[in-house]
Amino acid sequence: KLSALESAIGGGLSGAMAAVITTPLDVVRTRIMTQGGEKYSSFADCARKTVDEDGWSALFAGLGPRVTSRLLGGAIQFSSYELSQRALGAKE
């Protein structure tokens, strides 16, 4: 059984890792949605043009706030779950 602190750390880190992995996908998706089909012919085309025009760092735009949000959200969610299970007397 994990403590609330261990759950918070695990939840926070998993949320942060997920944010790092999915941020480039969201950046490309957002560019396609906002700039329409005129500029990009596919997801890969958008990713390629983004890197060519703005560099690799453009794929990670907004990473800091997103990681912070996911880290805090995961920590709160997982620790709250553990604490509520204990408060309700859930069986181990």
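Residues numbered from 1 in each chain as written. Predicted model: local features only at pLDDT ≥ 70, side-chain atom pairs only at ≥ 80, totals over all residues. Heavy atoms only, no water.

## Topic: the overall build of the chain
Here's step 1: On a plain count of helices and strands, the chain comes out with 3 helices and 0 strands.
Here's step 2: Tracing the chain from N to C terminus, the helices and strands come up as α-α-α.
Here's step 3: Relative to a compact globule of 92 residues, whose C-alpha radius of gyration would be 12 Å, the chain shows 19 Å and is clearly more extended.
Here's step 4: In terms of overall dimensions, the chain has a C-alpha envelope of 60 × 20 × 15 Å along the principal axes. (Helix = DSSP H or I, 4+ residues; strand = E, 2+ residues; numbered from the N terminus. Rg over C-alpha atoms; globule rule 2.2 N^0.38 Å.)

## Considerations on the side chain of Glu82
Here's step 1: On the secondary structure map, Glu82 appears in helix H3 (residues 63-87).
Here's step 2: Setting aside anything within four residues of it in sequence, one finds Glu82 in contact with Lys1, Leu2, Ser3, Ala4 and Ser7. (Contact = heavy atoms within 4.5 Å.)

## Section: the pattern of salt bridges
Here's step 1: One pass over the full model with this rule turns up 8 salt bridges.
Here's step 2: Measuring nitrogen to oxygen at the nearest pair gives 3.1 Å for the salt bridge that ties Arg31 to Asp54. Separated by 23 residues along the polypeptide, Arg31 in helix H1 (residues 4-39) and Asp54 in helix H2 (residues 43-54) bring together distant segments of the chain.
Here's step 3: When its relative accessible area of 19% is taken as the criterion, Arg31 is described as buried. (Salt bridge = Lys/Arg side-chain N within 4 Å of Asp/Glu carboxyl O. Buried < 20%, exposed > 50% of the residue type's maximum accessible area, 1.4 Å probe, protein only.)

## Observations regarding the nonpolar core
Here's step 1: In this structure, Val28, Tyr40, Cys46, Val51 and Leu59 together form the largest nonpolar core, which totals 5 residues.
Here's step 2: Those residues in contact with Cys46 that sit more than four places away from it in its chain are Val28, Arg31, Ile32 and Tyr40. (Core = buried A, V, L, I, M, F, W, Y, C linked by side-chain atoms within 4.5 Å.)

## Focus on a nonpolar patch on the surface
Here's step 1: A grouping of Leu5, Ile9 and Leu13 is seen on the molecular surface, where their side chains present a nonpolar patch of about 310 Å² in accessible area.
Here's step 2: Checked against the element boundaries, Leu5 lands in helix H1.
Here's step 3: Residue classification places Leu5 among the exposed residues on the basis of a relative accessible area of 59%. (Patch = residues over 30% accessible without salt bridge, like charges linked within 9 Å, V, L, I, M, F, W, Y side chains within 5 Å. Areas by Shrake-Rupley, 256 points an atom, 1.4 Å probe, with all protein chains shown as cover.)

## Thoughts on the environment of Ile9
Here's step 1: Within the secondary structure, Ile9 sits in helix H1.
Here's step 2: Ile9 sits in the partly exposed class, given a relative accessible area of 46%.
Here's step 3: Between the alpha carbons of Ile9 and Ser42 there is a distance of 38 Å; along the sequence they are 33 residues apart.

## Comments concerning H3
Here's step 1: Over its 25 residues, H3 extends 36 Å from the first C-alpha to the last, a length consistent with the 36 Å expected when each residue adds 1.5 Å.
Here's step 2: Every buried residue of H3 is listed here: Arg66, Val67, Gly74, Ala75, Ser79 and Glu82.
Here's step 3: Positive phi shows up at Gly89, right after H3, with a value of about 75°. (Expected span 1.5 Å × (residues − 1).)

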